[in-house]
Amino acid sequence: MTTTITLIPGDGIGPEVTAATLRIIDAAGADLEYEKQLAGSEALARHGTPLPDAVLDSITRNKVALKGPVTTPVGKGFRSINVQIRQKLVLFANLRPVFSVPGLPSRFQDVDLVVVRENTEGLYTGLEHEVVPGVVESLKVITEKASTRIARFAFDYAEREGRKRVTAAHKANIMKLTDGLFLDCFRSQAEKHPGIKADDRIIDALCMQLVIFPERFDVLVLENLYGDIVSDLCAGLVGGLGVVGGANLGEDCAVFEAVHGSAPDIAGQNRANPLALLRSAMMMLHHLGKRDVARRVEAAVRKVMVKDKVLTGDLGGSASTTEFTEAIVQALE
């Protein structure tokens, strides 16, 4: 059965890694149709806004989107498209599985953890204002509703996927009200899931422990800013942002996206590694119930990386985007 999804290629290397990903999943039999939408700098140039209403309308209608990287201006310009989409569609859970990649040398070879990040509030939402010249203020808002929702999601995910432990990260020793509320909500949900071990770590201690023995962790649940930082830290344990996928999930919609940047310095050079977006697409296929297709793609990727050793430059090889993509397509046959 053909499924229509929203497709946002993004900018920089976005269109290249998107084209490579679609080539692979189409070859694997995904049976998808794509409703293409523009977001970011190209949308701003064409429509006068970096996030046209048509993008949100399309995602709301199709329920699922695949999104390439979109450039976020630093210190000026438009607000992050990623943040706007998450907030406007209430995609409250950011899900990032992080696991060691066969065939890819990294600092650790036995990592298998999942980062669950609250997506809608906290410091990361950018509620800032200037008090007086030279003094700015950023507001950290934590609510019982959002904290309970993300804790429940983490425990439900752990149960569904056969995980054994959920660890909450916080700084409740200092931010006793905001992080204290987040921790209280986590503990309340833990009591409702007695089959899952629950514990917590102060965020700085967690970061130290992750880079010493990441194999000790299973599912991590964090508020927004901590989750943004820790999810990238965890990606570094297994080879970087180019090898991990990500999803933003809500009650009604899901957006699967590459977690790396748009890398404009190599755009158009046929050098980009599409694996991160491909892994996000595999998560999307599981979400759509096309699990056999996702498993076929995963097996093909493993063959290419472990046996054939066809790797892009960032993975230690010399293959172009096209060569890496076609090697996976051939492995599907």
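Higher on the page you've got the structure.
Residues numbered from 1 in each chain as written. Predicted model: local features only at pLDDT ≥ 70, side-chain atom pairs only at ≥ 80, totals over all residues. Heavy atoms only, no water.

*Asks:* So what exactly am I meant to see when it comes to the layout of surface pockets here?
*Replies:* To find leftover empty space, one rolls a probe the size of a water molecule over the atoms. Taken as a whole, the largest pocket encloses approximately 840 Å³ of empty space. What lines the largest pocket is a set of 24 residues, and nearest its centre among them are Pro97, Tyr157, Glu161, Met283 and His286. Contributing elements (two or more residues each) for the lining of the largest pocket: strand S4 (93-99), strand S5 (112-118), helix H5 (144-160), strand S11 (245-249), helix H9 (275-287) and helix H10 (291-308). Split by residue class, the lining of the largest pocket holds 13 nonpolar, 3 polar and 8 charged. Quantified by volume, the second largest pocket comes out at close to 400 Å³. Lining the second largest pocket are 21 residues; nearest its centre among them are Asn82, Arg86, Tyr124, Val259 and His260. Elements with a minimum of two residues in the lining of the second largest pocket: helix H4 (81-88), S4, helix H8 (224-237) and strand S12 (254-258). (1 Å grid on protein atoms, 1.4 Å probe; cavity = no way out; pocket = protein on both sides within 12 Å on 5 of 7 lines; lining within 4 Å. Points joined across faces, edges and corners; volume = space filled by probe spheres on them. Helix = DSSP H or I, 4+ residues; strand = E, 2+ residues; numbered from the N terminus. Nonpolar A, V, L, I, M, F, W, Y, C, P; charged D, E, K, R; others polar.)

*Asks:* Quick question: what am I supposed to make of unusual backbone geometry here?
*Replies:* Excluding glycine, residues mostly have negative phi values, and the peptide bonds linking residues are mostly trans. Phi angles above zero are rare outside glycine, and Ala263 is one such case at about 40 degrees. Take Ala263: it is sitting in the loop between S12 and H9. Positive phi values are uncommon outside glycine, yet Lys309 reaches one of about 60 degrees. Of note, Lys309 is situated in the loop between H10 and helix H11 (321-332).

*Asks:* Before we go on, may I ask you to explain a nonpolar patch on the surface in this structure?
*Replies:* Residues Leu127, Leu139 and Val141 make up a contiguous nonpolar surface patch of about 230 Å² in total accessible area. Tracing the backbone through its elements, the reader meets Leu127 in the loop between S5 and strand S6 (128-132). (Patch = residues over 30% accessible without salt bridge, like charges linked within 9 Å, V, L, I, M, F, W, Y side chains within 5 Å. Areas by Shrake-Rupley, 256 points an atom, 1.4 Å probe, with all protein chains shown as cover. Salt bridge = Lys/Arg side-chain N within 4 Å of Asp/Glu carboxyl O.)

*Asks:* Even after reading the chapter, I still don't get the side chain of Thr325, so can you show me in this structure?
*Replies:* Within the element layout of this structure, Thr325 appears in helix H11. You can call Thr325 buried: its relative accessible area is 4%. (Buried < 20%, exposed > 50% of the residue type's maximum accessible area, 1.4 Å probe, protein only.)

*Asks:* Help me understand the sheet that holds strand S8 (residues 165-170) in this model?
*Replies:* Judged by pairing direction, the sheet is mixed, and its 10 strands sit side by side in the order S2-S1-S3-S12-S11-S4-S5-S10-S8-S9 without closing on themselves. In this open sheet, the two strands that pair with only one neighbour each are strand S2 (32-36) and strand S9 (197-202). Adjacent strand axes in the sheet meet at a mean angle of 25 degrees when their direction is disregarded. Pairing between strand S1 (residues 3-8) and strand S3 (residues 64-67): 3 bridges, direction parallel. By the bridge assignment, Leu7 is partnered in S3 with Leu66. Sheet strands touched by H8: S4, S5, S8 and strand S10 (219-222). Its angle to S5, the strand with the most contacts, is close to 155 degrees. (Pairing = 2+ DSSP bridges. Axes fitted to C-alpha atoms, helices over the stretch in contact; angles between N-to-C directions. Contact = heavy atoms within 4.5 Å.)

*Asks:* Looking at this structure, I do not really get the environment of Leu220. What am I missing?
*Replies:* With respect to the element layout, Leu220 can be found in strand S10. Sequence separation between Leu220 and Gly261 is 41 residues; the distance between their C-alpha atoms is 23 Å. Excluding residues that lie within four positions of it along the chain, Leu220 makes contacts with Val114, Val115, Val116, Thr167, Leu206, Leu210, Val230 and Cys234.

*Asks:* Honestly, the pattern of salt bridges in this entry has me stumped. Any pointers?
*Replies:* Pairing between side chains becomes possible if they bear opposite charge and their charged atoms approach one another. By the definition in use, this model includes 19 salt bridges. The shortest N-O distance in the salt bridge between Asp112 and Arg163 comes to 2.9 Å. Here Asp112 is found in strand S5, whereas its partner Arg163 is found in the loop between H5 and S8, with 51 residues between them in sequence. Note on Arg163: relative accessible area 16%, which makes it buried. One salt bridge connects Glu298 with Arg279, and the closest N-O pair in it is separated by 2.6 Å. Here Arg279 lies in helix H9 and Glu298 lies in helix H10, a separation of 19 residues in the sequence. What emerges from the salt-bridge pattern is a single network uniting Lys67, Arg86 and Glu257.

*Asks:* How should the packing of aromatic side chains be read in this particular structure?
*Replies:* How two aromatic rings sit relative to each other is set out by the distance from centre to centre and by the angle between their planes. Applying the stated criterion across every chain yields a total of 3 aromatic pairs. Ring centres of Phe92 and Phe153 lie 6.1 Å apart, and the angle between their planes is 90 degrees; on these two criteria the pair is classed as edge-to-face. Within this pair, whereas Phe92 is found in the loop between H4 and S4, its partner Phe153 is found in helix H5, the two being separated by 61 residues in sequence. Look at Phe92 and you get buried, because its relative accessible area is 6%. Clustering of aromatic rings is evident, with ring pairs tying together Phe92, Phe153 and Tyr157. (Phe/Tyr/Trp six-rings, centres within 6.5 Å; stacked < 30°, edge-to-face > 60°.)

*Asks:* Just checking my understanding: could you explain H10 for this structure?
*Replies:* For an α-helix, the turn length of 3.6 residues means that residues three or four places apart are oriented alike. Between its first and last C-alpha, H10 extends 24 Å over 18 residues, near the 26 Å set by a 1.5 Å rise per residue. Along H10, the residues that are buried comprise Val293, Ala294, Val297, Ala300, Val301, Val304 and Met305. With its buried residues spanning 125 degrees around the axis, H10 presents them on a single face. Opposite the buried face of H10, at more than 90 degrees from it, the exposed residues are Asp292 and Lys307. Check the buried side of H10 and you find it contacts helix H1 (14-27), H9 and H11. Lys309 sits one or two positions beyond H10 and adopts a positive phi of about 60 degrees. (Expected span 1.5 Å × (residues − 1). Arc of directions from axis to C-beta.)

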